[in-house]
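Now for the letters of each chain:
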Amino acid sequence: MTEEQKPSEPKSEEQDSIVSSGLLPWKVELGKVLWKWIVGGASLGSLVTILNTTELPKLALGAAAGGALTGGGAIATALLAPTLKKTKQGADRVGEGIAGLAEEKAQGLADKVLGVDDRYLELQKEDCQASLCDGINQLFTPLLEEIFVPLSMTFTDRSPGWEPKVPEALEEPDLFMPLMSSKQKEAQIWKWLKRAETDSNQGSSFRRMAILAWGGYGKTTLLRHIAYIYSSKQHRRYDVNAKVPIFLSLKTYGKTIAATPTLTLSEMVMKYHLPYLSRDLLLPENWATSKLKAGEVVLLLDGFDEVKEEIRPQVAQWLKRELREYPKSIAILTSRPKAYDDQPIATKLEMRMRIWVEPFNVPQQEAFIQRWYEYQEVYTNNGRSTSDVKRRATEKADKLLGQIRERPEIEALAKIPLLLNMIATFHRLSPKVELPKRKVDLYQAICKLQLVDRPGAKELETLLTETNAQAILQKLALDMVLNDREKTVTHDILHDRLSQYLQQENERVNAEELLEEIVRVSELLVEKELQEYEFAHWSFQEYLAAKEIFDRAAKATFDRKDEKLVRDRLSVPEWKPLILMYTSLLKNPSALIRSMLDQNLTDLARAALQETTKKVDPAIEQELERLSTQVMSSTYDTLAALLKAEKWQEADKETDKVMLEVAGQTERGYLNEEDLRKFPCEDLLTIDRLWVEASNGHFGFSVQKKIWEECGSPMEDNNDYKKFMGKVGWYLESNFVSYSDLKFSPSHSLAGELPITISFSRYSFESFISFHHLPYLFSRAKTCRL
């Protein structure tokens, strides 16, 4: 007999009374559990004392239960408590101290009976379980766990070329650092979380992390992944203890914080976060405070950069104040680098660890595409996960990967998780169409896909196909950019703007209906809390605004005032992505690139030249080449002067700065494997020549490479590798030598001691000399015929 066929057991009298009370099912379960506990004879006297000294919301436990507990105050109550207050009657009778003890016992009993943490964790899990990719209207929204690919991350807390302050407890190299294999980097966040919970120092760097990356790199997805792992109780997979994750969108709550600066973090959680998850979630009023103070929380603060700039200092000040109150709990904040670094000194928020998200490498791209395609194929086939379905998924994934590998311009886009998701979506819906070659073409293809192709293919009766919806969105995007780079807009303002745009386009469409379909069907606009709207990703807003400027300028044959919007902002860093997209739209970008050169914006001009596929005035290309040569010459002036003065340690630090500048990674602060693989040969040869000449052949990358080859060109951490390190003076008597103990002198140092491997931390050689990166450096040196 199956479970469904089994006859139901007769209900007891108390069960009948509980079920008939009309309560929510989980409250009914509480009543059953509590009643069984009571009738089992477990400390009935103490229970009555607790109930009599605690004012709790009433929950009928049934007539029998009520009758058993009426002595002293008619208590037909439950131990579910959004508030737990001492009653005056209880305080008078048993004294303040006993009432406090009873209060604590009641709270503990309520938590135990109800499993309030479990209820919260379930809701937080539900909120974070879907893989929501900004801007992508997928056929099937996969669960995060099914397609999540761990991000590679590295740590740095220093400015390039300067000796950093040593954080505590970084003697274990695998906790830290850029010099790790991809798999090690992908596990880093959990190693840091493990260290955060085991570090006895309440000022531990590992309890205050800032995760920095540009848009589309997966910062939010990472926080959602962490929240999902903890809330689904899968933390043991990563050898960490159970925690309560609290995911807070700073973009959502920034205005609230600025408007009510006296609001506390625990009040934020109780008054805003919990109701957002569920209005039926009732927790004790001190639940958040007690969890935070006990260090049981992982606080996930998403989108510091998405807080409006004018209120960002207030939010930073608030975070500093509130995080000081809970030193035991872990806090992880995400932000774009510029917003995090460019804070006013007086209110600057500084987390103790700066962590950088790296672009997707080839294995990560392959893993994501394979998982993504398998998910889509399985659910297209009604959940059937048979060998033929998996084979088709693999075939389609391989075809897409083949296109990516054959096209360097697409391969560059595939390093950004958001764009890779877009590429996969476009390819699956248009498998016979060649992938777009440029970023601007990809965005145009996605917009067309979301606004025209998919609604048409599904034969939806939608206003999107009856109107020029993209033209409407372009106007909105540009207005938001011009209005202090708005990221969100309220419903009322948005409605008024859409009405205005529709009138300008001579569209006889209801603005409210169009808005609803843009959000529901295209997902290029998304509705957030509090009836606010934003573009699905900032990059869509940039593209659509650039396209609007381009369209306006193209129509204005004699009046180029619209392009002036771009020309007047060439030197504004925040406008760079929009400017590059606009440049790539132009049929002849020579005049605009000339304006960049006239304003000495050589880097912007070079990036614009790389972005366009159109022919550019040869004179501009020649001038850029000449300027690049001049820049390269001036780049090495300081290094050459330091080496000539035999200031070897200062020259070593300057080498760090120079190599970062050349690779364009000054902001990031370190070079990764790909940077080394593609490091310009001319610059590598120049650096090596300066070192070799100044030291009479004692120092230089070519000197190190020769010694490395003599030791067998070791590609892994083995005896040959340690032999190499010993020969250059980095590993002596079975110990790694600290940076400060190097000799910094051709007369006393071993050959090849300097320069130290580029742009890596110098806490100890165990941290920064690694077999994972040196082979790439020496391999590049070999390719460059060093």
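Up top is the structure these notes are about.
Enquirer: I'm lost on the overall build of the chain in this one. Help?
Expert: Scanning the chain from terminus to terminus reveals 37 helices and 11 strands. Sequence-distant contacts, at least 24 apart, represent 70% of the contacts inside the chain between residues at least 6 apart. Of the roughly 35,900 Å² of accessible surface on the chain, a fraction of 49% belongs to carbon and sulfur atoms.

Enquirer: Looking at this model, I keep getting lost on the sheet that holds strand E7 (residues 489-490). Mind explaining?
Expert: Where strands meet in a sheet, backbone hydrogen bonds hold them as pairs that are either parallel or antiparallel. In spatial order, the strands read E7-E9-E8; together these three strands make up an open sheet with antiparallel pairing. Strand pairing shows two members of the sheet lacking a second neighbour, E7 and strand E8 (525-527), which therefore form its edges. As judged from the two bridges shared by E7 and strand E9 (residues 532-535), these two strands associate in the antiparallel manner. Of the residues in E9, the one forming a bridge with Val-489 is Tyr-533. Contacting E7, E8 and E9, helix H21 (residues 469-482) runs over the sheet at an angle of about 100 degrees to E9.

Enquirer: Help me out: how do you make sense of the pattern of salt bridges in this one?
Expert: Side chains carrying opposite charge are able to pair once their charged atoms draw close together. A complete count under the given rule lists 26 salt bridges for this structure. As a salt-bridge pair, Lys-475 and Glu-505 come within 3.4 Å of each other at their nearest N and O atoms. Of this pair, Lys-475 sits in helix H21 while Glu-505 is found in the loop between helix H22 (491-504) and helix H23 (511-522), placing the two residues 30 residues apart along the sequence. One network of salt bridges, with partners in common, ties together Lys-475, Glu-505, Glu-548 and Arg-552.

Enquirer: How should I be thinking about helix H31 (residues 648-663) in this particular structure?
Expert: In an α-helix, one turn spans 3.6 residues; hence positions three or four apart end up facing the same way. Helix length check: H31 (16 residues) gives 23 Å between terminal C-alpha atoms against 22 Å at 1.5 Å per residue, within 8%. Here H31 has its buried residues at Trp-648, Ala-651, Asp-652, Lys-653, Glu-654, Thr-655, Asp-656, Val-658, Met-659 and Leu-660. One or two residues past the end of H31 sits Gly-664, with phi positive at roughly 70 degrees.

Enquirer: Explain the state of the cysteines to me, please; I cannot follow it from the model alone.
Expert: Each disulfide consists of a covalent bond between the sulfur atoms of two cysteine residues. Taken as a whole and judged by the stated rule, the model has one disulfide. Cys-681 shares a disulfide with Cys-784; S-S distance 2.0 Å. Where Cys-681 bonds to Cys-784 through sulfur, the torsion about that S-S bond is close to -75 degrees, and the disulfide is left-handed. Taken together, the residues Cys-681 in helix H33 (residues 681-694) and Cys-784 in the segment after helix H37 (774-783) connect sequence positions 103 residues apart. Taking the relative accessible area as the measure of exposure, Cys-681 reaches 24% and is therefore partly exposed. Residue class for Cys-784 comes out buried when judged on its relative accessible area of 8%.

Enquirer: How should the packing of helix H6 (residues 116-128) against helix H12 (residues 265-277) be read in this particular structure?
Expert: Helix-helix packing is described using two parameters, namely the angle between the two axes and the distance between the axes. Axis separation between H6 and H12 bottoms out at 9 Å; the angle between their running directions is 70 degrees. In terms of orientation, H6 lies roughly perpendicular with respect to H12. Packed against H6, whose contacting residues are Tyr-120, Leu-123, Gln-124 and Asp-127, the element H12 presents His-273, Leu-274, Tyr-276 and Leu-277 at the interface.

Enquirer: Got a minute to help me understand the packing of aromatic side chains in this structure?
Expert: A ring pair, where both rings are aromatic, is described by two values, the distance of the centres and the angle of the planes. For the structure on display, the rule yields 13 aromatic pairs. Between Tyr-443 and Phe-540, the ring centres sit 5.3 Å apart and the planes meet at 90 degrees, which makes this aromatic pair edge-to-face. One end of the pair, Tyr-443, is in helix H20 (residues 439-457); the other, Phe-540, is in helix H24 (residues 538-555), with 97 residues separating them in the sequence. Across the pair, exposure class does not vary: Tyr-443 and Phe-540 are buried alike. Residues Phe-724 and Trp-730 carry aromatic rings whose centres are separated by 5.9 Å and whose planes lie at 85 degrees to one another, so their mutual orientation is edge-to-face. In terms of burial, Phe-724 and Trp-730 fall into one category: buried. In this structure an aromatic cluster arises from ring pairing among Trp-708, Phe-724, Trp-730 and Phe-778. Residue placement shows Arg-569 over the ring face of Trp-575; its charged tip is 4.9 Å from the ring centre.

Enquirer: I tried to follow the packing of H12 against helix H13 (residues 287-294) on my own but got confused; where do I start?
Expert: The N-to-C vectors of H12 and H13 enclose an angle of 130 degrees; their axes lie 8 Å apart at closest approach. One finds that H12 runs oblique with respect to H13. H13 is crossed by H12, and the crossing has right-handed handedness. Residues Leu-265, Ser-266, Val-269, Met-270 and Leu-274 of H12 form the contact with H13, whose participating residues are Trp-287, Ala-288, Thr-289 and Leu-292.

Enquirer: Can you help me understand empty space enclosed by the protein in this one?
Expert: The rolling of a water-molecule-sized probe over the atoms marks out the regions of remaining empty space. Scanning all chains against the criterion turns up six cavities of 30 Å³ or more. Approximately 100 Å³ is the volume found for the largest cavity. Leu-250, Lys-251, Thr-252, Gly-254, Lys-255, Glu-306, Val-307, Lys-308, Ile-311, Lys-487, Thr-488 and Glu-532 are the residues that line the largest cavity. Broken down by element, the residue count for the lining of the largest cavity peaks at five residues, all from helix H11 (residues 250-259). Taken together, the residues of the lining of the largest cavity break down into three nonpolar, three polar and six charged.

Enquirer: Is there a simple way to explain the environment of Leu-494 in this structure?
Expert: Relative to the helices and strands, Leu-494 resides in helix H22. Taking the C-alpha atoms as reference, Leu-494 lies 9.1 Å from Ala-511; in sequence the two are 17 residues apart. Once residues lying within four places of it in the same chain are set aside, the contact partners of Leu-494 are Leu-476, Val-489, Leu-515, Leu-525 and Tyr-533.

Enquirer: Please clarify how unusual backbone geometry should be interpreted in this entry.
Expert: Cis geometry marks the peptide bond from Leu-754 to Pro-755; its omega dihedral reads -5 degrees. Tracing the backbone shows Pro-755 in the loop between strand E11 (735-736) and helix H36 (765-768). For Asp-239, which is not glycine, the phi torsion reads 60 degrees and is therefore positive.

Enquirer: Can you help me understand the side chain of Glu-532 in this one?
Expert: Tracing the backbone shows Glu-532 in strand E9. A polar contact of 2.5 Å, which involves the side chain of Glu-532, links it to the side chain of Lys-255.

Enquirer: I'm lost on the side chain of Arg-780 in this one. Help?
Expert: Inspection of the secondary structure assignment puts Arg-780 in helix H37. In this structure, Arg-780 is buried with no salt-bridge partner, the nearest side chain bearing the opposite charge being Asp-683 at 8.9 Å.

Enquirer: Can you help me understand the nonpolar core in this one?
Expert: Nonpolar side chains in soluble globular proteins tend to end up buried together. Residues Ile-189, Leu-193, Ile-226 and Ile-332 are the most contacted members of the largest nonpolar core, which totals 120 residues. A per-element tally of this core places H24 first, with nine residues. When sequence neighbours within four positions are dropped, the list of residues in contact with Leu-193 reads Met-209, Ile-226, Tyr-230, Val-240, Ile-330 and Ile-332. Formed by 44 residues, the second largest nonpolar core is a distinct cluster that contains Ala-210, Ala-288, Leu-292 and Leu-323.

Enquirer: Honestly, the pairing of strand E5 (residues 330-335) in this entry has me stumped. Any pointers?
Expert: When a strand is regular, its side chains alternate between the sheet's two faces. Most of E5 is tucked away, with six of its six residues classed as buried. Of the two faces of E5, the one holding Ile-330, Ile-332 and Thr-334 and the one holding Ala-331, Leu-333 and Ser-335 are both buried throughout. Sheet topology note: the strand E2 (residues 208-212)/E5 ladder contains five bridges and is parallel. Across the sheet, Arg-208 pairs through a bridge with Ala-331, a residue of E5.

What counts and how
Residues numbered from 1 in each chain as written. Predicted model: local features only at pLDDT ≥ 70, side-chain atom pairs only at ≥ 80, totals over all residues. Heavy atoms only, no water. Helix = DSSP H or I, 4+ residues; strand = E, 2+ residues; numbered from the N terminus. Contact = heavy atoms within 4.5 Å. Areas by Shrake-Rupley, 256 points an atom, 1.4 Å probe, with all protein chains shown as cover. Pairing = 2+ DSSP bridges. Axes fitted to C-alpha atoms, helices over the stretch in contact; angles between N-to-C directions. Salt bridge = Lys/Arg side-chain N within 4 Å of Asp/Glu carboxyl O. Expected span 1.5 Å × (residues − 1). Buried < 20%, exposed > 50% of the residue type's maximum accessible area, 1.4 Å probe, protein only. Disulfide = S-S within 2.5 Å. Parallel < 35°, antiparallel > 145°, perpendicular 65-115°, else oblique. Phe/Tyr/Trp six-rings, centres within 6.5 Å; stacked < 30°, edge-to-face > 60°. Lys NZ or Arg CZ within 6 Å of the ring centre and 35° of its normal. Left-handed = near helix turned anticlockwise from the far one by under 90°. 1 Å grid on protein atoms, 1.4 Å probe; cavity = no way out; pocket = protein on both sides within 12 Å on 5 of 7 lines; lining within 4 Å. Points joined across faces, edges and corners; volume = space filled by probe spheres on them. Nonpolar A, V, L, I, M, F, W, Y, C, P; charged D, E, K, R; others polar. Polar contact = N/O pair within 3.5 Å; in protein donor to acceptor, adjacent residues only side chain to side chain. Lys, Arg positive; Asp, Glu negative; His and termini not counted. Core = buried A, V, L, I, M, F, W, Y, C linked by side-chain atoms within 4.5 Å.

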